[in-house]
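The primary structure of each chain is shown beneath.
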Amino acid sequence: MNAVTHTQTMTKRALHDPAWLKWGLIATALGFILLFLCLPLWIVISEAFAKGWTAYISALAQPDALAALRLTLLTAFITVPLNTVLGVCAAWAITRFEFKGKSLLTTLIDLPFSVSPVISGLIFVLMFGAQGWFGHWFSDHDIKIIFAVPGIVLATLFITFPFVARELIPLMQEMGSEEEEAALSLGASGWQMFFQITLPNIKWALLYGVLLCNARAMGEFGAVSVVSGHIRGLTNTLPLHVEVSYNEYDFVGAFASASILAGLAIVTLVLKSILEWRQGK
Amino acid sequence: MSIILSNITKNFGQFAALNNIDLEIPEGELVALLGPSGCGKTTLLRIIAGLEQADSGRVVLNGEDKTEQHVSHRGIGFVFQHYALFRHMTVFDNIAFGLRVKPKQHRPSEADIAKKVHALLNLVQLDWLHDRFPDQLSGGQRQRIALARALAVEPEVLLLDEPFGALDASVRKDLRQWLRNLHHELNVTSIFVTHDQEEAMEVASQVVVLNQGRIEQQGAPSDIYDHPANAFVSRFIGQTNIFAPDDHDAIWLHSSGLPIADKSGKTAHVRPHDIEVQKADDSAAAHAVLKDWQHLGALIRVELVKNAAQGEQATVYAEMPNEQFRRLDLQRGDKVNLRIRNAHWFH
């Protein structure tokens, strides 16, 4: 009897890592999160409210801040639906058709992730700027893209393109197309197949991709900074407004705007974990 | 509904999946497309369904050329190898799907749909599962639900891709019989794909043997077994002993009673039950030595080794009823004489 319990504890011990390792790793991970994630978040909020509620509210109520918020929402409002549709199309093309250059397309979808956002912004300046390839044509027709809202939308569109497609491609690959073929063989039209068979199967992954896409669309700094021109009240998005305010020593204004972006990030995280939980079910 | 395929050719890149297939299937048959994996049988089924487009050739269903028609308008029911049940729908909704996606003017009322779905569920004997989801069903149950779903739209042709491929051996046996009976009941022209010759012989009224994108033979199961058209079919269907009457085997075959006079360059295909085994008295001139035997239910398969003195050493299989084997009273190592009753000769 004793011998048996003894060997059992022995095996247990043999299978376990030593306590110092376990607690050491946990402490490192937690410490890192506290230092680099929670502490900055706390600083953003405390700085935003450093001069009290009224200062916080009035900083956000400034016309420039409101204009920046409006522009950020407008950009997201245009880019997120567009990239949702484009992402579904790209995922569909890649997982359902065989064509030459398919692997190249798959790689290219990730390009916006691998290129520095500043370079992405510069590409648009080189294309549509006054000295750019198409710049003359656009200025002849009195269309402003760079240092204007269309440029910001284009840059954001480029940066956030991969999110939806990247969520969908692995899922749709794993699902295969048999259910869709079955729907067609039962007489369904292409739209019926998509909305009744494909969409219900991919909806959680799609929502997840849309959420990430939205978070990035609202938070993008680098590419937008290059094409925006920082015109107050006109081409400043919320992240740009944070920088401008900070550079002008308007700390409450900067951190108040930053707190809105941080709040958005937290909401995104909560929704994301809810979606992950639903997907797991 | 009759099916006529003419000149169907399909290439995947360099690989020729189907080569000039001509096939005619009369109404009401239950046809097996039989062949080794990679022979093009599933591709052919998908071309009939319209899930795949042939490079050339025509698909004519019931006298109507449907080559250019979309899969949703061909009036076919397709049962997929892995069932492809809609995982987010209940069994009931799965079967109702084909009725609910009909254009408004042809769509039955919800009450009629419910009536029809329950009738189909009763037909496949699974009405008690109507509110389950596909992942709560066993393989055999999924198979039958997939069949009910395909039948809901009253297809004129039923196409089944490896219908028993993913099932346990015992479930497979039951379902084969069940499919046969169901076909008798509904009499809808059906084609199923299989690589299992036993399954094809047992279930189908017509068997089409495919190999490397070509049709090797088409006929009733007994036809194909008794009169194989060529060496491939003979080897693929059932067990066969193959002898080449060159200088080694000639004497051996001759003394086993097989006339080989005008057969040079050909090989003899002999079914195991066409070989008669007798105990040899004269041990020096015996044809073979008994190596081992296996019980196959009512039959015994004996494994014989050809006598080296009379030809090349190789294993020969013979089959006989249990009773006969007992009467022969053979032991391992006993010398036996053989008599070959029948052979098919192929180049």
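Bear in mind that the values here come from a model prediction, so they are computed numbers and not experimental data.

Trainee: It is not clear to me how the interface of chain A and chain B should be interpreted in this structure. Could you clarify?
Mentor: How big an interface is tends to be expressed through the accessible area that disappears when the partners come together. Contacts between the two partners involve 16 residues from chain A, matched on the other side by 22 residues from chain B. Approximately 1,700 Å² of surface area, both sides summed, lies buried where chain A meets chain B, with 60% of it carried by carbon and sulfur atoms. Across the chain A-chain B interface, the total number found is two salt bridges. With a closest N to O distance of 2.7 Å, A:Glu179 and B:Arg87 form a salt bridge. Counting across the interface, chain A meets chain B through four residue pairs in polar contact (both at pLDDT 80 or more). Broken down by secondary-structure element, the contributors of at least two residues to the side of chain A that touches chain B are helix H11 (178-185) and helix H12 (190-219) of chain A. It is H11(A) that provides the largest number of residues to the side of chain A that touches chain B, a total of seven residues. When its residues are assigned to classes, the side of chain A that touches chain B shows eight nonpolar, five polar and three charged.

Trainee: Quick question: what am I supposed to make of the environment of B:Gly297 here?
Mentor: Residue and element names in this part refer to chain B. Here Gly297 lies in the loop between strand E14 (288-296) and strand E15 (299-306). Gly297 sits in the exposed class, given a relative accessible area of 56%. In the structure, Gly297 is positioned 274 residues away from Leu23 in sequence and 37 Å away in space, judged by C-alpha atoms.

Trainee: What is the right way to read the domain arrangement of chain B from this model?
Mentor: Residues and elements named next belong to chain B. Along its sequence, chain B is carved into domain 1 (3-236) and domain 2 (241-346). Put simply, the middle of domain 1 and the middle of domain 2, counted by C-alpha atoms, are 41 Å apart. Across the boundary between the two partners, domain 1 contributes 10 residues, which contact six residues of domain 2. When the two sides are added together, the surface that domain 1 and domain 2 hide from each other amounts to roughly 650 Å², 53% of it contributed by carbon and sulfur. On the domain 1 side of the interface with domain 2, the three residues burying the most area are Tyr225, Pro228 and Ser234, jointly 61% of the side's total. At the boundary of domain 1 and domain 2, one finds zero salt bridges. At the junction of domain 1 and domain 2, the tally comes to five residue pairs in polar contact (both at pLDDT 80 or more). Counting only elements with at least two residues in the side of domain 1 that touches domain 2, the list comes to helix H7 (221-226) and helix H8 (231-236).

Trainee: Where do I start with the side chain of A:Thr237 in this structure?
Mentor: All names here are of chain A. Counting through the fold element by element, Thr237 comes out in the loop between helix H13 (222-228) and helix H14 (238-247). By relative accessible area, Thr237 is classed as buried at 5%. If we ignore the near neighbours within four places in the chain, the residues touching Thr237 are Ala68, Leu71, Thr72, Ile152 and Val224.

Trainee: How should I be thinking about the sheet that holds strand E3 (residues 30-34) of chain B in this particular structure?
Mentor: One key point about sheets: their strands pair by backbone hydrogen bonds, in either a parallel or an antiparallel sense. Residues and elements named next belong to chain B. Read across the sheet, six strands follow the order E6-E7-E8-E3-E9-E10 without closing on themselves; strand pairing throughout is mixed. The two strands at the open ends of the sheet, each matched to only one other strand, are strand E6 (76-79) and strand E10 (214-219). Neighbour-to-neighbour, the strand axes of this sheet turn through a mean angle of 15 degrees, independent of strand direction. Alignment of E3 against strand E8 (residues 189-194), held across five bridges, turns out to be parallel. Bridge pairing links Val31 to Ile191 in E8.

So, how was this worked out
Residues numbered from 1 in each chain as written. Chains lettered and ligands numbered in written order. Predicted model: local features only at pLDDT ≥ 70, side-chain atom pairs only at ≥ 80, totals over all residues. Heavy atoms only, no water. Contact = heavy atoms within 4.5 Å. Buried area = accessible area lost by both parts, 1.4 Å probe. Salt bridge = Lys/Arg side-chain N within 4 Å of Asp/Glu carboxyl O. Polar contact = N/O pair within 3.5 Å; in protein donor to acceptor, adjacent residues only side chain to side chain. Helix = DSSP H or I, 4+ residues; strand = E, 2+ residues; numbered from the N terminus. Nonpolar A, V, L, I, M, F, W, Y, C, P; charged D, E, K, R; others polar. Buried < 20%, exposed > 50% of the residue type's maximum accessible area, 1.4 Å probe, protein only. Domains from an automatic or database assignment. Pairing = 2+ DSSP bridges. Axes fitted to C-alpha atoms, helices over the stretch in contact; angles between N-to-C directions.

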